[in-house]
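Residue-level listing of the chains:
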Amino acid sequence: MCLAIPVQVKEVLPDDMAKVTLGGVSKIISTALVDDVKVGGYVVLHVGYALAKIDPEEAERTLALIREATIGDAA
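Visitor: How do you make sense of the pattern of salt bridges when you look at a structure like this?
Guide: Pairs can form between side chains of opposite charge whenever their charged atoms are close. Across all of its chains, the model carries two salt bridges by this definition. Between Lys 38 and Asp 36 there is a salt bridge whose closest N-O contact spans 3.0 Å. Ionic pairing is found between Glu 58 and Arg 61, a salt bridge with its closest N-O pair at 2.6 Å. Pair noted here: Glu 58 and Arg 61 are both in helix H1 (residues 56-74), with a separation of three residues, about one helical turn. By relative accessible area, which is 49% here, Arg 61 ends up partly exposed.

Shown next, in the form of structure tokens:
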């Protein structure tokens, strides 16, 4: 199963790259597939590549569902 998750862009870097965070973890990803990536925005991340931009409210709802499912599995 493949999973793509929303992450917030913390820094736009040269050469179609960006620094993103999720749960306090930072990662450098490729933004070559997405136009006009901005600091503070959200993108959908899959295996190191941003696939699309996502609305901040939708990103937060998705992350809340992932947290709920993860916490539910741990119980």
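Visitor: Explain the nonpolar core here, please?
Guide: Most often, soluble globular proteins keep nonpolar side chains buried together rather than apart. With eleven residues, the main nonpolar core is built from Ile 5, Val 7, Val 9, Ala 18, Val 20, Ile 29, Val 34, Val 37, Val 43, Leu 45 and Ala 50. Put simply, the parts of the chain that give this core at least two residues each are strand E1 (5-13), strand E2 (17-22) and strand E4 (42-46). Considering every element that reaches this core, the biggest residue donor is E1, with three residues. Ignoring any residue separated from it by four or fewer positions in sequence, one finds Val 37 in contact with Val 9, Val 12, Thr 31 and Val 43. Core analysis: the next-biggest nonpolar cluster, separate from the first, contains five residues, Tyr 42, Ile 54, Ala 59 and Leu 63 among them.

Visitor: Would you take a moment to explain the side chain of Gln 8 for this structure?
Guide: Topologically, Gln 8 is positioned in strand E1. Among the polar contacts listed, one links the side chain of Gln 8 to the side chain of Lys 10, at a separation of 3.2 Å. Here the side chain of Gln 8 touches Gly 40 through a polar contact of 3.1 Å, landing on its backbone oxygen. In this structure Gln 8 touches Lys 19, Val 20, Thr 21, Gly 40, Gly 41 and Tyr 42, once residues within four positions along its chain are discounted.

Rules of the game
Residues numbered from 1 in each chain as written. Predicted model: local features only at pLDDT ≥ 70, side-chain atom pairs only at ≥ 80, totals over all residues. Heavy atoms only, no water. Salt bridge = Lys/Arg side-chain N within 4 Å of Asp/Glu carboxyl O. Helix = DSSP H or I, 4+ residues; strand = E, 2+ residues; numbered from the N terminus. Buried < 20%, exposed > 50% of the residue type's maximum accessible area, 1.4 Å probe, protein only. Core = buried A, V, L, I, M, F, W, Y, C linked by side-chain atoms within 4.5 Å. Contact = heavy atoms within 4.5 Å. Polar contact = N/O pair within 3.5 Å; in protein donor to acceptor, adjacent residues only side chain to side chain.

By themselves, these figures tell us nothing about what the structure is for.
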